[in-house]
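# Topology and contacts: notes
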Amino acid sequence: QVQLVESGGGLVQAGGSLRLSCAASGRTFSSYAMGWFRQVLGKEREFVAAISWSGGRIYYADSVKGRFTISRDNAKNTVYLQMNSLKPEDTAVYYCAARSSWHGITSGEYDYWGQGTQVTVSS
């Protein structure tokens, strides 16, 4: 069993930065690939970034590539999303999620989800 708790969201002006953290509990954290998703009320959940259990495979959505960086620290049971050059269209609730395989990493079919953290980017 894996439990995920996101933190680090808030209000920031366009062009600013935030770093989101996702703290995991459970003994199997390092065995899971981790993903970040975001969702605006009334819209579909959108894939943002993913990282394999070892950190050797990383994939970004085109919309955030070059601006966001995903990383993980298995010793701390934590995955991060560094968000730079934020835009108003990045405003959403951001969720971290865990899945047991890399295949299908960009899908919304994950084994575990956090509760989400709000990111609001003002213009």
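These numbers come from a predicted model, not from an experiment.

It is worth spelling out the nonpolar core at this point. Ranked by internal contacts, the top residues of the largest apolar core, which has 36 residues, are Leu4, Trp36, Leu81, Met83 and Tyr94. Listed by contribution, the elements that provide at least two residues to this core are strand S3 (18-25), strand S4 (33-39), strand S5 (46-51), strand S7 (68-73), strand S8 (78-83), strand S9 (92-99) and strand S11 (117-122). Apart from residues lying up to four places away in sequence, Met83 is in contact with Gly16, Ser17, Leu18, Leu20, Arg67, Phe68, Tyr94 and Val119.

Let's shift gears to the side chain of Arg38. Within the fold, Arg38 resides in strand S4. Taking relative accessible area as the criterion, Arg38 reaches 6% and is therefore assigned buried. Within the structure, the side chain of Arg38 is placed 2.8 Å from the side chain of Asp90, a separation counted as a polar contact.

A word on the packing of aromatic side chains. For the structure shown, the criterion picks out 7 aromatic pairs. A ring pair is formed by Tyr32 and Tyr112, whose centres lie 5.8 Å apart and whose planes are at 75°; its orientation type is edge-to-face. Of this pair, Tyr32 sits in the loop between S3 and S4 while Tyr112 sits in strand S10 (residues 112-113), placing them 80 residues apart in sequence. Accessibility classification places Tyr32 together with Tyr112 in one group, the buried group. For the pair Phe37 and Trp113, a centre-to-centre distance of 5.0 Å together with 55° between the ring planes defines the contact as tilted.

Turning our attention to the pattern of salt bridges. Here the structure, examined in full by the defined rule, presents 3 salt bridges. Between Arg38 and Glu46 there is a salt bridge, with its nearest N and O atoms 2.9 Å apart. Its relative accessible area of 33% is what places Glu46 among the partly exposed residues. The partner of Arg67 in a salt bridge is Asp90, with the nearest N and O atoms 2.8 Å apart.

With that settled, the discussion passes to the pairing of strand S1 (residues 3-7). Residues Leu4 and Glu6 of S1 are buried on one face, while the alternating residues Gln3, Val5 and Ser7, pointing to the opposite face, are not. The pairing of S1 with S3 spans 5 bridges and is antiparallel. Across the sheet, the residue bridging to Ser7 is Ser21, located in S3.

Reading the values: the criteria
Residues numbered from 1 in each chain as written. Predicted model: local features only at pLDDT ≥ 70, side-chain atom pairs only at ≥ 80, totals over all residues. Heavy atoms only, no water. Core = buried A, V, L, I, M, F, W, Y, C linked by side-chain atoms within 4.5 Å. Buried < 20%, exposed > 50% of the residue type's maximum accessible area, 1.4 Å probe, protein only. Helix = DSSP H or I, 4+ residues; strand = E, 2+ residues; numbered from the N terminus. Contact = heavy atoms within 4.5 Å. Polar contact = N/O pair within 3.5 Å; in protein donor to acceptor, adjacent residues only side chain to side chain. Phe/Tyr/Trp six-rings, centres within 6.5 Å; stacked < 30°, edge-to-face > 60°. Salt bridge = Lys/Arg side-chain N within 4 Å of Asp/Glu carboxyl O. Pairing = 2+ DSSP bridges.

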